[in-house]
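Given next are the chains, with one letter for each unit.
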Amino acid sequence: MALDGTFLSLVKNELEKLVGGRVDKIHQPSKEEVLISIRTREGGFKLIFNTSAGTARVHITKAEIENPKSPPMFCMLMRKHFGNGKLVAIRQDGFERILYFDFEAVNELGDLTTVTLVMEIMGRHSNLILINSEGKIIDSVKRVGQDMSSVRLVLPNLVYETPPRVEKMGITQFEREKFLEAINQYPTLFVSKAVMKTLEGISPVFAREAEFYACHGGESTVEDLTEDMTDRLCFFVKKTAIDIGSGNNTFTVLRDKDGLLKDFCFCEIS
């Protein structure tokens, strides 16, 4: 299961009610998990950040989670830099699987400053990174040195750089002509694979559903799409885009034959 960028954008919409709230408590229950309590005019909320490979996510929780007696170093750093702060913005660049939480706080000199907590949801590369107002890394849940990556380092005092990105079309910016032009660059691929390469922030389960709908329950390569299939594919993507934009999308949970959670998506799955 993967939390894709489009689903994350909908999570971000739900978290917007926290903007303007004050940080109440900061805990780090485990090495890969951070819990921040935020108090707003609507009441108190607990925001959980999980960076483990198989369950990376961020969301509001009501779960009671036990905290260690001694806070880890990263937890202490967060308390130092924005423990008295206010959440002023939550940002997402397109449909990248990254959320930026901006906090305003008073530093040791008494000056108002902004620090950003960056939640990167990328499977085993998921991370939670604290950066200062100059864009430099203060620290992270997972430090990434040269022995771990030759592409991107995540270490204190380095300038924060976003992960490498492939430019794609966001689903809510769907335009039929541009979409068809893009998928036609992959004539021999199955439709689901071409859709994955064309749209930003979607998971394989959505791409397969788009192909399933377009091809009347079957499969097809892009070059073998009929006019009817092409129309159905565009209709499905456009309708989903409209539903997302209007907030009328349907969240779906998929289970296997034993009833165990298998996957989830931001639209209905046949």
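The sections below set out a description of the structure shown in this document. (Residues numbered from 1 in each chain as written. Predicted model: local features only at pLDDT ≥ 70, side-chain atom pairs only at ≥ 80, totals over all residues. Heavy atoms only, no water.)

## Some details on the overall build of the chain
The condition that has to hold: Only DSSP runs of H or I reaching four residues or more are called helices, and only runs of E reaching two or more are called strands; each is numbered from the N terminus. Restricting the calculation to C-alpha atoms gives the radius of gyration, and the globule rule supplies 2.2 Å times the number of residues raised to the power 0.38. Buried means the residue's accessible area, taken with a 1.4 Å probe over protein chains only, is under 20% of the maximum for its type, while exposed means over 50%, and partly exposed covers the values in between. In this description, contact between two residues means that some pair of their heavy atoms is separated by no more than 4.5 Å. Charge counting treats Lys and Arg as positive and Asp and Glu as negative, with His and both chain ends excluded. For the purpose of locating charges, the reference atoms are NZ of Lys, CZ of Arg, CG of Asp and CD of Glu.
Helix and strand counts for the chain come out as 6 helices and 13 strands. Rg of the C-alpha trace for the chain: 21 Å, near the compact-globule value of 18 Å for 270 residues, within the 12% margin. When its C-alpha atoms are laid out on the principal axes, the chain stretches across 65 × 40 × 35 Å. Counting every position in the chain, which comprises 270 residues, the buried fraction comes to 47%. Put simply, 50% of the contacts in the chain that link residues at least 6 apart link residues at least 24 apart. Across the chain, the 34 positively charged side chains and the 38 negatively charged ones have centroids separated by 7 Å.

## Concerning the environment of L233
You can see L233 is positioned in helix 6 (residues 227-246). Along the backbone, L233 and N13 are 220 residues apart, and their C-alpha atoms lie at a distance of 27 Å. Once residues lying within four places of it in the same chain are set aside, the contact partners of L233 are F179, I183, V191, V195, A210, A214 and L225.

## Structural notes on the nonpolar core
What counts, and what does not: Nonpolar core, defined: a set of buried Ala, Val, Leu, Ile, Met, Phe, Trp, Tyr and Cys residues in which side-chain atoms within 4.5 Å join the residues together.
If you look at the biggest cluster of nonpolar residues, it comprises 66 residues, and the most contacted ones within it are F49, V58, F82, F101, L117, F179 and L233. By residue number, the principal contributor to this core is helix 6, which donates 7 residues. Leaving out residues up to four positions away in the same chain, F101 has contacts with L15, L47, F49, V58, L87, A89, I90, V115, T116, L117 and M119. In this structure, Y100, M122, V154 and Y160 belong to the second largest nonpolar core, which totals 10 residues.

## Here we look at the packing of aromatic side chains
Two aromatic rings are characterised by how far apart their centres lie and by the angle between their planes. Here is the rule we go by: Classification of ring pairs uses Phe, Tyr and Trp, with its six-membered ring standing for Trp, and accepts pairs whose centres are within 6.5 Å; under 30 degrees between planes counts as stacked, over 60 as edge-to-face, and the remaining range as tilted. In this analysis the charged atom, NZ for Lys or CZ for Arg, is taken to sit over a ring once it is within 6 Å of the ring centre and within 35 degrees of the ring normal.
A complete count under the given rule lists 9 aromatic pairs for this structure. Members of the aromatic cluster, each reached through a chain of ring pairs, are F206, Y213, F235, F236 and F266. Positioned above the aromatic ring of Y213, the side-chain terminus of R232 is 4.2 Å from the ring centre.

## Topic: a positive patch on the surface
Condition: Residues enter a patch when their relative accessible area is above 30% and they make no salt bridge; the linking distance is 9 Å between like charges and 5 Å between nonpolar side chains (Val, Leu, Ile, Met, Phe, Trp, Tyr). Method for areas: the Shrake-Rupley scheme with a 1.4 Å probe, in which residue coverage is limited to the protein chains shown. For this document, the term salt bridge refers to a Lys or Arg side-chain nitrogen within 4 Å of an Asp or Glu carboxyl oxygen.
A cluster of basic residues, K168, K193, K197, R208 and K262, forms a positive patch at the surface. Turning to its location among the elements, K197 is positioned in helix 4 (residues 191-198). By relative accessible area, K197 is classed as partly exposed at 45%.

## Details of the pattern of salt bridges
Counted under the stated rule, the structure contains 14 salt bridges. Put simply, R165 and D93 hold a salt bridge, and the shortest N to O gap is 2.7 Å. Linking R165 in the loop between strand 9 (137-140) and strand 10 (169-170) with D93 in the loop between strand 5 (86-91) and strand 6 (98-106), this pair joins segments that are 72 residues apart in sequence. Between K178 and E175 there is a salt bridge, and its shortest N-O distance comes to 3.8 Å. Take K178: its relative accessible area is 49%, and that puts it in the partly exposed class.

## A closer look at the packing of helix 3 (residues 176-183) against helix 4
Let me state the cut-off plainly: Note on definitions: angles span 0 to 180 degrees between N-to-C directions of axes, and those axes are lines fitted to C-alpha atoms, for helices only across the stretch in contact. In this scheme the handedness of a crossing depends on how the near helix is turned from the far one: anticlockwise by less than a right angle means left-handed, clockwise means right-handed. By the convention adopted, Pro, Cys, Tyr, Trp, Phe, Met, Ile, Leu, Val and Ala count as nonpolar, Lys, Arg, Asp and Glu as charged, and the other residues, Gly among them, as polar.
One way to put it is that helix 3 packs onto helix 4 with a least axis distance of 9 Å and a crossing angle of 115°. Here helix 3 and helix 4 pass one another in a crossing that is right-handed. Contact residues: F179, A182 and I183 in helix 3; A194, V195 and T198 in helix 4. Residues belonging to the contact of helix 3 with helix 4 are distributed by class as follows: 5 nonpolar, 1 polar and no charged.

## Section: the side chain of S9
Rule in force here: Throughout this description, a polar contact denotes any pair of N or O atoms lying within 3.5 Å of each other; where both atoms belong to protein, one of them has to be capable of donating a hydrogen while the other can accept it, and for residues adjacent in sequence the pair is counted only when both atoms sit in side chains.
Tracing the chain through its elements places S9 in helix 1 (residues 5-15). Within the structure, the side chain of S9 is placed 2.5 Å from the backbone oxygen of T6, a separation counted as a polar contact. Apart from residues no more than four positions distant in its own chain, S9 is found in contact with Q92 and F95.

Without other data, these values stay purely geometric and don't point to any function.
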